[in-house]
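Each chain is listed here by its residues.
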Amino acid sequence: MRHLPGADRLEARARGVERLVLRALELRLARIRVDQAALSDNSASSSGHGAAGCGARIETLMAESLDQRPEHAERALYDQLISQIVPDEMRIVAALSDGSRLAACHVDVVSPLGGSRTRVLSHASRAGTQAGVMLDEHTPYYLAHLERLGLLETGPEDSAHAETYELIENDSAVRRLCTEVESASRRKPKLTRHTLRLSALGHQLWAQREERGEGAAS
């Protein structure tokens, strides 16, 4: 057979397919071994074997990736996002689920010549008050966290929110921070206006509320 025209290419292709099949088999066997190990000793990772547990989890995820369908991958992504969000943050997501934008300001410390700036506060806003969060003073952290998760996106200043920007800039906590900056660094604080809204991923996550609700009801 090796002397026939194209035999080398056919043999190479066959070996490639064989390698893929063997790798898939290895991953499936790894998943079986991990599942059996987890059943036999569920406390191994908590008794000083964290690194081994991490490696086993990686192999499990790789094995699961062979069988998952798009809807399974999507569900895993949303579950992971939800697990990282606290109730106050979900209230902010709910408040923006109608597509609205909220006004926010960054507070920066600007050098005397204006060449450099250091951010001392991100996303000062009234979003917490408007959404009814429990820990309103932590709203800037909530907004920054949601942005890091890809659920919020920043946009330019919106003149329609001029009154809200003024309320933010005259907020007692923001004014106190600006005073502290001037006293400690002898530099002028600069407030930069912007907007925040739900990203496409944020809207998709919120849509799961209705889809999962319908699934539970049926």
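Quick look at the structure, then.

Thresholds applied
Residues numbered from 1 in each chain as written. Predicted model: local features only at pLDDT ≥ 70, side-chain atom pairs only at ≥ 80, totals over all residues. Heavy atoms only, no water. Core = buried A, V, L, I, M, F, W, Y, C linked by side-chain atoms within 4.5 Å. Buried < 20%, exposed > 50% of the residue type's maximum accessible area, 1.4 Å probe, protein only. Helix = DSSP H or I, 4+ residues; strand = E, 2+ residues; numbered from the N terminus. Contact = heavy atoms within 4.5 Å. Salt bridge = Lys/Arg side-chain N within 4 Å of Asp/Glu carboxyl O. Pairing = 2+ DSSP bridges. Axes fitted to C-alpha atoms, helices over the stretch in contact; angles between N-to-C directions.

**Observations regarding the nonpolar core**
With 21 residues, the main nonpolar core has Ile92, Leu102, Leu143, Leu146 and Leu151 as its most contacted residues. Only helix H3 (70-83), helix H4 (87-96), strand E1 (102-110), helix H5 (127-131), helix H6 (139-148), strand E4 (188-198) and helix H9 (200-217) provide two or more residues apiece to this core. Setting aside residues no more than four positions away along its own chain, leucine 151 makes contact with Leu81, Ile85, Leu146, Arg197, Leu198, Ser199, Leu201, Gly202 and Leu205.

**Here we look at the pattern of salt bridges**
Per the stated rule, a full pass over the model turns up 7 salt bridges. Glutamate 157 serves as the salt-bridge partner of arginine 193, at 3.3 Å between the closest nitrogen and oxygen. Of the two residues, arginine 193 is situated in strand E4 and glutamate 157 in the loop between strand E3 (152-155) and helix H7 (162-169); the sequence distance between them amounts to 36 residues. Arginine 193 sits in the partly exposed class, given a relative accessible area of 24%. Overall, the relative accessible area of 45% leaves glutamate 157 in the partly exposed class. Overlapping salt bridges, with partners in common, bring together Asp108, Arg117 and Arg119 in one network.

**With respect to the sheet that holds E1**
Taking strand neighbours across the sheet as the criterion, the 4 strands line up as E2-E1-E4-E3 in an open arrangement whose pairing is antiparallel. Each end of this open sheet is capped by a strand with a single partner; those strands are strand E2 (117-125) and E3. Adjacent strand axes in the sheet meet at a mean angle of 35° when their direction is disregarded. The pairing of E3 with E4 spans 4 bridges and is classified as antiparallel. The partner of threonine 154 across the bridge, within E4, is leucine 196. H4 contacts E1, E3 and E4 of the sheet and is inclined by roughly 70° relative to E4. On top of the sheet, helix H8 (residues 172-185) reaches E1, E2 and E4; it is set at about 140° to E4, its chief contact.

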